[in-house]
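# Results of the structural survey
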Amino acid sequence: MAAPRPLAIPLGADELPFVDYGGGNLMKVLLVDEAESLWIVENIFKAGFETQTHRHTGPVFGYTVSGAWKYKEYDYVNRAGSFLYEPANSVHTLEILEDNTQVWFQMYGMNLNLREDGSVESVTDGAGTLGAYLHLAEKQGHGRPNVLVL
């Protein structure tokens, strides 16, 4: 007899809260799969927000729902409806151009935050991001969200 097929697991738009991780910038962690080194987050950013220059050890896929953002190192602007593929080891600095810029990122591997000389200052990954998200959710009165953890 064949093994039963796994069921799809839906998450409604309001099932996971956004948490404020500084300056009114919001994040929710949708999924973390440590075996695949996969983590998926949804962000809503304020204009003027910037990340530290960083490099991902795996590929990243981004989908822009609203607003506009770019990488300081490139000329193109990501706007609502745009899709972005980043190959592993690309180096960039995210810059938000409009308020309420909403972006989904699907990331594999780690995020290496770089100093000006290119050396690694800190490392972020799915497990660490999940831990920070859960902590902020509880601290901000959302309880412990039921993030999809595989």
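Here, every reference points to the structure presented above.
All values reported here derive from a predicted model rather than from experimental measurement. (Residues numbered from 1 in each chain as written. Predicted model: local features only at pLDDT ≥ 70, side-chain atom pairs only at ≥ 80, totals over all residues. Heavy atoms only, no water.)

A word on the layout of surface pockets. As a volume, the largest pocket reaches approximately 540 Å³. As for the largest pocket, its lining consists of 25 residues, of which Tyr-21, Asn-43, Thr-51, Asn-111 and Thr-124 are closest to the centre. Within the residue set of the lining of the largest pocket, elements represented by two or more residues are β3 (38–45), β4 (54–56), β11 (101–108), β12 (111–114) and α1 (126–139). Of the residues that constitute the lining of the largest pocket, the class distribution is 13 nonpolar, 10 polar and two charged. (1 Å grid on protein atoms, 1.4 Å probe; cavity = no way out; pocket = protein on both sides within 12 Å on 5 of 7 lines; lining within 4 Å. Points joined across faces, edges and corners; volume = space filled by probe spheres on them. Helix = DSSP H or I, 4+ residues; strand = E, 2+ residues; numbered from the N terminus. Nonpolar A, V, L, I, M, F, W, Y, C, P; charged D, E, K, R; others polar.)

Take the pairing of strand β13 (residues 120–124) next. Pairing between β12 and β13: four bridges, direction antiparallel. What sits directly across from Asn-111, in β13, is Thr-124. The loop that links β12 with its antiparallel partner β13 comprises five residues; one of these, Gly-118, has a positive phi angle of about 90 degrees. (Pairing = 2+ DSSP bridges.)

Residues Tyr-63, Val-65, Phe-83, Tyr-85 and Trp-104 make up a contiguous nonpolar surface patch of roughly 520 Å² in combined accessible area. Relative to the helices and strands, Tyr-63 resides in strand β5 (residues 60–66). With relative accessibility at 41%, the residue Tyr-63 sits in the partly exposed group. (Patch = residues over 30% accessible without salt bridge, like charges linked within 9 Å, V, L, I, M, F, W, Y side chains within 5 Å. Areas by Shrake-Rupley, 256 points an atom, 1.4 Å probe, with all protein chains shown as cover. Salt bridge = Lys/Arg side-chain N within 4 Å of Asp/Glu carboxyl O. Buried < 20%, exposed > 50% of the residue type's maximum accessible area, 1.4 Å probe, protein only.)

What follows is about the environment of Glu-121. Along the chain, Glu-121 turns up in strand β13. Its relative accessible area of 46% is what places Glu-121 among the partly exposed residues. Spatially, the C-alpha atom of Glu-121 lies 9.5 Å from that of His-54, the residues being 67 residues apart in sequence.

In β12, alternate side chains face the same way, and those of Asn-111 and Asn-113 on one face and Leu-112 and Leu-114 on the other are all buried. Pairing analysis gives three bridges linking β4 to β12, with the strands arranged antiparallel. Note on β12: the bridge partner recorded for His-54 is Asn-113.

With that out of the way, let us pick up the sheet that holds β4. Strand order in the open sheet made by the four strands is β9-β4-β12-β13, with antiparallel pairing throughout. Edge positions in the sheet fall to β9 (91–92) and β13, since each has one partner strand and no second.

Attention shifts here to unusual backbone geometry. Most peptide bonds take the trans form, and the phi angle of most residues other than glycine is negative. If you check the backbone angles, Ser-37 has positive phi at about 55 degrees while not being a glycine. Note that Ser-37 resides in the loop between β2 (26–33) and β3. Since its relative accessible area comes to 38%, Ser-37 is described here as partly exposed. Within the chain, Asn-89 stands out as a residue other than glycine whose phi angle is a positive 75 degrees. With respect to the helices, strands and loops of the structure, Asn-89 is situated in the loop between β8 (83–86) and β9. Judged by relative accessible area, Asn-89 falls into the partly exposed class, the value being 43%.

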